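Summary of the model geometry
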Amino acid sequence: MEPATGVERVALTPAAAELLARLTAIHGPLMFHQSGGCCDGSAPMCYPEGDFRLGGQDVHLGDLTVPGLEKPIGFHMSASQYEYWRHTHLTVDVVKGRGSGFSVEAPEGVRFLIRSRLFTDEEYAAR
Amino acid sequence: MAKYANPGQPDSVVSFKPRYDHFIGGEYVAPAKGQYFENPTPITGQTFTEVARGTSEDVEKALDAAHAAAPAWGKTSVAERAAILNKIADRVESNLELIAIAESWENGKACRETLAADIPLAIDHLRYFAGALRAQEGGISQIDEDTVAYHFHEPLGVVGQIIPWNFPILMAIWKLAPALAAGNAVVLKPAEQTPASIHVLNELVQDLLPPGVLNIVNGFGVEAGKPLASSNRIRKIAFTGETTTGRLISQYASENLIPVTLELGGKSPNVFFDDVAAQNDAFYDKALEGFAMFALNQGEVCTCPSRALIQGGIYEEFLQQAVKRTEQIKQGHPLDTDTMIGAQASNDQFEKILSYIDIGRQEGAKVLTGGDRADLGGELSGGYYIQPTVFEGHNAMRIFQEEIFGPVVSVARFSDYDEAITIANDTLYGLGAAVWSRDGNTAYRAGRDIQAGRVWVNNYHAYPAHAAFGGYKQSGIGRENHKMMLDHYQQTKNLLVSYSQNAQGFF
């Protein structure tokens, strides 16, 4: 487990934040776990907090602050996958779509999506 | 060439109903909460039917039906079960065109593939397990002169199966055929992206299985998949999908102490050694085709050869010709039999692929061809089309490490055998791989050294029944497509029998 440092690793678009506020009203506090692999993989999965059990093989990338919500939403990824993602900054966005997995937004006709950019040299050094 | 009429037009070979309910206990029943969701075709983006939005109440009802049916079904003779699977296969075969066009319309894939691969493979798969079941034997162990251990195969009972959207019918049959052959009753949840085509097939065969043996509950993962996967009324769960949901399903299964089989994807290396180009002959042509296989099924295959590794001696020339081969892939209307690549299965899938093309460019990978959406005009403008894309880069880039699930290949160079194996194995996954060489020893060694469950040697994307398919590493647990899959759906009953007249001698 690598603790979150001062550099922001993950952020939200306003549309994703707005959706998270709505989903929290339905499902209670939420969490993210970034998936890998096929079909609906390589996409962030959003669950009621605690529904997905985190373990020693997960990295906590950061907490996402959503306007209107008391508690920030944790964003996690498996440590092995993080090895290949560590040089990029992630932004959780939302697009129209269908599913999937057990992520809570699917019935709303939308899907969370990760947009990525490379860390700047300064950010990377400060990680 | 031929262009099939769109479903909904009067001359189409298939017509979808305006609405599909759940199939529970041998009949179609409305969802408990009365809700339905729209089902669009990725070919045009237009909704063509609506489908029951299942919830835990519907899952429970399906489990009731399955539990009612399982004991009798599990005691039918293997001859009877095999005969039913063969009848299903025959019925599907005599309606092949109809089902294939329904599948294309549902998923967006080219009908050339559904007509020649998806549905014929599904038919063969049913027949394979009908045959495998007949040939299966238990074991007898003679412990001593008077003691014999008999091993019987018994069904698990009621099992849950969660199906992906990339081959909606074929993946359903991959899971159903062994489960039904082994004598289990099934509750199956199709993917919410592709919920309708399985019902087109089911309506044609629903009279063949006893009521309750096969139950289909549609709906979203969180609303219908979760109550199924976490139920304490299933004796096994099978899932094809991705790693986080795979872990979640394993967590549920651990609460109920039931087995789980998982197929979770890959990032499959396609390795071309120098000697491939020793001659410019039919084999060389085959290897170039092998490179272009990344675009098959729009790249929406767990074993998509999405990393091409080419040896230094032939790198420039082979890659140039491979790009040319890629550019000859004909993209078009999926119901046109000349079309080689159709639409991505959903809008979010389409957006995800574009986001990966974006990060690939940012990381400095070079786009050799493609790299953008494709607007095919007319009614297809509302559909989800991506140009076949070839990136050149290195294996640490994210486009080399993450399953994009689109028609995107990332190409890197290697210098010698050891480097080829190192790069090929530098991935979290181990589902598919291929090695291309004219040298049998090189191909054999590489095939053994690559950590993947399926290594194609001098071919790619063949999925015959009787060849085991499944993952190493984070690609999953268990195998499909082979008679060993019967074991995944069976208990072993051991009768330990003493034929001695005498006391055992303890008391």
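Looking at an unreviewed UniProt entry, one finds chain B named Aldehyde dehydrogenase family protein and attributed to Pseudonocardia xishanensis. Of chain B, the UniProt comment under Sequence similarities (unreviewed entry) reads exactly: "Belongs to the aldehyde dehydrogenase family."

As recorded in an unreviewed UniProt entry, chain A goes by DUF779 domain-containing protein and comes from Pseudonocardia xishanensis.

Describing helix α9 (residues 282–292) of chain B
Of all the positions in α9 of chain B, only Phe283, Tyr284, Ala287, Leu288, Gly290, Phe291 and Ala292 of chain B are classed as buried. Tucked into the core, α9 of chain B has its buried residues touching β13 (269–272), β14 (307–311), α10 (315–327), β16 (389–392), β17 (408–414) and β19 (432–436) of chain B.

Structural notes on the sheet that holds β16 of chain B
Sheet strands associate in pairs through backbone hydrogen bonding, adopting either a parallel or an antiparallel arrangement. Residues and elements named next belong to chain B. Taken in spatial order, the seven strands make up an open sheet running β15-β16-β17-β14-β13-β19-β20, and their pairing is mixed. At either margin of the open sheet sits one strand with a lone partner, and together these are β15 (366–369) and β20 (454–457). The sheet shows a mean angle of 25 degrees between the axes of neighbouring strands, taken without regard to direction. Relative to β20, β19 runs parallel, the two being bridged by four bridges. What sits directly across from alanine 434, in β20, is tryptophan 456.

Considering a negative patch on the surface
All names here are of chain B. Together, Asp416, Asp418, Glu419 and Asp449 line one region of the surface with negative charge. For aspartate 418, the location among the structural elements is in helix α13 (residues 417–425). Note on aspartate 418: relative accessible area 55%, which makes it exposed.

Points about the nonpolar core
Phe291, Ile310, Phe318 and Val411 of chain B are the most contacted members of the largest nonpolar core, which has 92 residues in total. With 11 residues, helix α5 (residues 168–181) of chain B is the largest single contributor of residues to this core. Apart from residues lying up to four places away in sequence, valine 411 of chain B is in contact with Phe291, Ala308, Ile310, Tyr315, Leu319, Val390, Phe391, Glu392, Gly393 and Phe400 of chain B. With 61 residues, the next largest nonpolar core counts Leu30 and Met77 of chain A together with Phe391 and Ala452 of chain B among its residues.

The rules behind each value
Residues numbered from 1 in each chain as written. Chains lettered and ligands numbered in written order. Predicted model: local features only at pLDDT ≥ 70, side-chain atom pairs only at ≥ 80, totals over all residues. Heavy atoms only, no water. UniProt positions renumbered as here; feature names shortened; annotations may be inferred. Buried < 20%, exposed > 50% of the residue type's maximum accessible area, 1.4 Å probe, protein only. Helix = DSSP H or I, 4+ residues; strand = E, 2+ residues; numbered from the N terminus. Contact = heavy atoms within 4.5 Å. Pairing = 2+ DSSP bridges. Axes fitted to C-alpha atoms, helices over the stretch in contact; angles between N-to-C directions. Patch = residues over 30% accessible without salt bridge, like charges linked within 9 Å, V, L, I, M, F, W, Y side chains within 5 Å. Areas by Shrake-Rupley, 256 points an atom, 1.4 Å probe, with all protein chains shown as cover. Salt bridge = Lys/Arg side-chain N within 4 Å of Asp/Glu carboxyl O. Lys, Arg positive; Asp, Glu negative; His and termini not counted. Charge placed at Lys NZ, Arg CZ, Asp CG, Glu CD. Core = buried A, V, L, I, M, F, W, Y, C linked by side-chain atoms within 4.5 Å.

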